[in-house]
Amino acid sequence: MAKRDEGKALLDGLYGQLKGVINGSSQGVYLYLDDHHLVCNTKFARMLGYSSPAAWKSMGRTGFLNAFVAPSSQRKVVDAFWKAMKNKTAFCETVGWKKKSGATVRLTTIMVPISYKHEMFALHFVSKA
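Just so it is clear, the model here is predicted, and its values are computed rather than measured.

## Observations regarding the sheet that holds strand β3 (residues 91-98)
Strand order in this open sheet of 5 strands is β2-β1-β5-β4-β3, and the pairing throughout is antiparallel. Each edge of the open sheet is held by one strand with a lone partner, namely β2 (37-40) and β3. For this sheet the average axis-to-axis angle between neighbouring strands, irrespective of direction, equals 30°. The pairing of strand β4 (residues 104-116) with strand β5 (residues 119-128) spans 10 bridges and is classified as antiparallel. Bridge pairing in β5 links Thr109 to Val126. Contacts between helix α5 (residues 71-87) and the sheet are confined to β1 (28-34), β3, β4 and β5, with β4 contributing the most and set at about 20° to the helix.

Below you can see the structure in the form of structure tokens.
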């Protein structure tokens, strides 16, 4: 995992390369390095009830899982993340996501591992289940 001070440069660099895909996708998309270095598109932010990617990101200060993933799906997301990183394989599952309102929404989530400058990121594509 990247050191915190390196994470911003890594995220900015990979996001710069993937910006067309992330922002142009008809699906919700987010890119995750760690709880401090993540970005999403407007579609994903709105799926969870946020007005913008910046509003979504500001809620993640308590940690990604606590802020955005329903308790019943947290173990599934963690296990899938580590398997994706270790085995370099994508996964697709229905995940319970926390909306800003506190409600849970079930969304199909595809997690794809991506390597950038020797660091592993997870690129997620999210759509209605």
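Next comes the rest of the write-up.
## Examining the nonpolar core
Core analysis: the largest hydrophobic core is formed by 26 residues, its most contacted members being Tyr30, Phe44, Leu48, Trp56, Phe64, Phe68 and Trp97. Going through the elements one at a time, β1, β2, α2 (42-47), α4 (64-68), α5, β3, β4 and β5 are the ones with two or more residues in this core. Of all the elements, α5 adds the most residues to this core, at 5 residues. Those residues in contact with Leu48 that lie beyond four places of it in its chain are Trp56, Phe68, Trp97, Lys98, Lys99, Lys100, Val105 and Leu107. Within the second largest apolar cluster, 14 residues are counted, among which are Leu11, Leu14, Leu18 and Phe125.

## Structural notes on the packing of aromatic side chains
Considering all chains together, one arrives at 14 aromatic pairs under this definition. With a centroid separation of 5.3 Å and an interplanar angle of 35°, the aromatic rings of Tyr30 and Phe64 are classed as tilted. Here Tyr30 is found in strand β1, whereas its partner Phe64 is found in helix α4, with 34 residues between them in sequence. For the pair shown, Tyr30 and Phe64 are each scored as buried. Summarising the aromatic geometry, the rings of Phe44 and Trp97 are spaced 5.4 Å apart at their centres and angled 85° between planes, so their arrangement reads as edge-to-face. Of the two residues, Phe44 is situated in helix α2 and Trp97 in strand β3; the sequence distance between them amounts to 53 residues.

## Let's talk about the pattern of salt bridges
Two side chains carrying opposite charge are able to pair once their charged atoms lie near each other. By the definition in use, this model includes 3 salt bridges. Across the salt bridge formed by Asp12 and Lys8, the nearest N and O atoms sit 2.7 Å from each other. Of the two residues, Asp12 and Lys8 are both situated in helix α1 (residues 4-24); the distance of 4 residues between them amounts to about one turn of the helix. Here Lys76 makes a salt bridge to Glu93, at a shortest N to O gap of 3.6 Å. Highlighted residues: Lys76 in helix α5 and Glu93 in strand β3, separated in sequence by 17 residues. Among the residues examined, Lys76 registers a relative accessible area of 27% and is labelled partly exposed.

Parameters and conventions
- Residues numbered from 1 in each chain as written.
- Predicted model: local features only at pLDDT ≥ 70, side-chain atom pairs only at ≥ 80, totals over all residues.
- Heavy atoms only, no water.
- Pairing = 2+ DSSP bridges.
- Helix = DSSP H or I, 4+ residues; strand = E, 2+ residues; numbered from the N terminus.
- Axes fitted to C-alpha atoms, helices over the stretch in contact; angles between N-to-C directions.
- Contact = heavy atoms within 4.5 Å.
- Core = buried A, V, L, I, M, F, W, Y, C linked by side-chain atoms within 4.5 Å.
- Buried < 20%, exposed > 50% of the residue type's maximum accessible area, 1.4 Å probe, protein only.
- Phe/Tyr/Trp six-rings, centres within 6.5 Å; stacked < 30°, edge-to-face > 60°.
- Salt bridge = Lys/Arg side-chain N within 4 Å of Asp/Glu carboxyl O.

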